[in-house]
Amino acid sequence: MPDASPATILDAPHADAAVLDNAPWHALTGPHASFAIGNDLVRRYPEDVAPFVAVRTWDDPGVWQALVDLVGHDAEIGLSGYDGEVPAGWEVVGQGEGVQLVETGALQPRPDAEAILLGADDVPEMLAIVERNQPGPFRPRTYELGRYVGIRRDGRLIAMAGERLHPEGWTEISAVAVDADHRRQGLASRLVLDVAFHIQQRGDRALLHAAASNVGAIAAYERLGFALRRRNRFSAVRTPTQ
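Being a predicted model, the structure only gives us computed values, none of them experimental.

K.L.:
Sorry if this is basic, but what is going on with the overall build of the protein here?
P.N.:
Across its full length, the protein carries 6 helices and 11 strands. Taken over C-alpha atoms, the radius of gyration comes to 18 Å for the protein, in line with the 18 Å a tight globule of 242 residues would show. Residues classed as buried in the protein amount to 48% of the 242 residues present. With the model as given, the accessible surface of the protein reaches about 11500 Å², and the carbon-plus-sulfur share is 48%. Side chains of the protein carry 23 positive and 33 negative charges; the gap between the two charge centres is 5 Å.

Below you can see the structure in the form of structure tokens.
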């Protein structure tokens, strides 16, 4: 899948796309600053909100010690956008490739009449649908990061989507999950379009992240009007034991 040109993707570039190169950092130093734990080099969300650890720049030689100071020894964290070797004492426990997609002028978002707002009282069901479908990280307080909606059938939550990372001018659509016995009904697309509609109503633009291997989901998002902006390497690493 070739990288799309910025001119193709950003039909109305009122939002600075450069912040998307380091979306977690610009979220934690911007609209999500109230969640931030850390300093001017490394920051993270509370563990019950989101697992993301953000780094301002990998060029600062103090970044590795700052990460240890932030999360502690013998801790597993995810690193995004770093392709080099880890220092002595650190362990790489997993690696993968993801893609970042952003809305184009082809996206036609709209509210969905069946979508219901989800909040604190719905957290057990939200955690359960994430566990059943594995759309990505979701913690007990993740819903606080933005607007989450779902669809119920016979009282049961069978589809969900919402907002996660929020760098200035952009909002990430995340936790897109539909139970297996309700798939191929367009529910995921409907919820993505609903979430995107409310994102645009605030004056933001929508983005998505997906594993590069999830070609089915990527194709579905492209059909809705999203386009590939960049590929990104991510690694799970363990900090030194002492």
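Alright, that's what it looks like, and here's the rest.
K.L.:
Is there a simple way to explain the sheet that holds strand S8 (residues 156-163) in this structure?
P.N.:
Strand pairing in a sheet relies on backbone hydrogen bonds, with the paired strands running either antiparallel or parallel. Pairing is mixed across the open sheet formed by 8 strands, whose spatial order is S4-S11-S5-S10-S9-S8-S7-S6. One side of each edge strand has no neighbouring strand; the edge strands of this open sheet are strand S4 (76-80) and strand S6 (116-118). Direction aside, the axes of adjacent strands within the sheet are offset by 30° on average. Note that strand S9 (residues 170-178) and strand S10 (residues 205-211) share 4 bridges and pair parallel. By the bridge assignment, Trp170 is partnered in S10 with Arg205. Lying on the sheet, helix H4 (residues 123-133) is in contact with S6, strand S7 (148-153), S8 and S9; it crosses S8 at an angle near 90°.

K.L.:
Could you clarify how one ought to interpret helix H3 (residues 63-71) in this entry?
P.N.:
For the α-helix, the turn length of 3.6 residues means that residues three or four positions removed from each other point alike. Regarding H3, the residues found buried are Val63, Trp64, Ala66, Leu67, Val68 and Leu70. Close packing links the buried residues of H3 with strand S1 (37-38), strand S2 (42-44), strand S3 (53-55) and S4. Following H3 by one or two positions, Gly72 adopts a phi angle in the positive range, close to 95°.

K.L.:
Is there a simple way to explain the pairing of S9 in this structure?
P.N.:
Side chains on a regular strand alternate between the two faces of the sheet. Taking burial as the measure, the 9 residues of S9 include 9 buried ones, the bulk of the element. Looking at chain direction, S8 and S9 are connected through 4 bridges and run antiparallel. Each residue of the ladder has a partner; that of Ala159, found in S9, is Val178. Remark: 6 residues form the turn of the hairpin made by S8 and S9, two consecutive strands paired antiparallel; Gly169 in that turn has positive phi of roughly 90°. Between S9 and its parallel partner S10, the chain crosses via helix H5 (residues 187-201), and the hand of that crossover is right-handed.

K.L.:
Sorry, what's going on with the pattern of salt bridges here?
P.N.:
When the charged atoms of two side chains lie near each other, side chains of opposite charge can form a pair. Enumeration according to the criterion identifies 19 salt bridges in this entry. Note that Asp74 is salt-bridged to Arg238, the shortest N-O span being 3.6 Å. Here the residue Asp74 occupies a position in the loop between H3 and S4, and Arg238 occupies one in strand S11 (residues 226-238), the gap between them amounting to 164 residues. Take Asp74: its relative accessible area is 42%, and that puts it in the partly exposed class. A relative accessible area of 25% means that Arg238 is categorised as partly exposed. Because the salt bridges share partners, they merge into one network encompassing Asp112, Glu114, Arg153 and Arg190.

K.L.:
Could you clarify how one ought to interpret the nonpolar core in this entry?
P.N.:
If you look at soluble globular proteins, the nonpolar side chains tend to sit buried side by side. Membership of the largest hydrophobic core comes to 28 residues, with the highest contact counts inside it found for Val99, Ala159, Ile173, Leu191, Val192 and Phe226. Counting residues per element, the ones that place at least two in this core are strand S5 (91-103), S7, S8, S9, H5, S10, helix H6 (215-224) and S11. Per-element accounting of this core gives the leading share, 7 residues, to H5.

K.L.:
Mind showing me how you'd approach the pairing of S11 here?
P.N.:
Across 5 bridges, S4 lies against S11 in antiparallel orientation. Following the sheet pairing, Leu79 is matched in S11 by Ser235. As defined by bridge partners, S5 adjoins S11 across 12 bridges and the pair is classed as antiparallel. Bridge pairing in S11 links Gln95 to Ser235.

So, how was this worked out
Residues numbered from 1 in each chain as written. Predicted model: local features only at pLDDT ≥ 70, side-chain atom pairs only at ≥ 80, totals over all residues. Heavy atoms only, no water. Helix = DSSP H or I, 4+ residues; strand = E, 2+ residues; numbered from the N terminus. Rg over C-alpha atoms; globule rule 2.2 N^0.38 Å. Buried < 20%, exposed > 50% of the residue type's maximum accessible area, 1.4 Å probe, protein only. Areas by Shrake-Rupley, 256 points an atom, 1.4 Å probe, with all protein chains shown as cover. Lys, Arg positive; Asp, Glu negative; His and termini not counted. Charge placed at Lys NZ, Arg CZ, Asp CG, Glu CD. Pairing = 2+ DSSP bridges. Axes fitted to C-alpha atoms, helices over the stretch in contact; angles between N-to-C directions. Contact = heavy atoms within 4.5 Å. Right-handed = clockwise from strand over helix to strand, strands pointing away. Salt bridge = Lys/Arg side-chain N within 4 Å of Asp/Glu carboxyl O. Core = buried A, V, L, I, M, F, W, Y, C linked by side-chain atoms within 4.5 Å.

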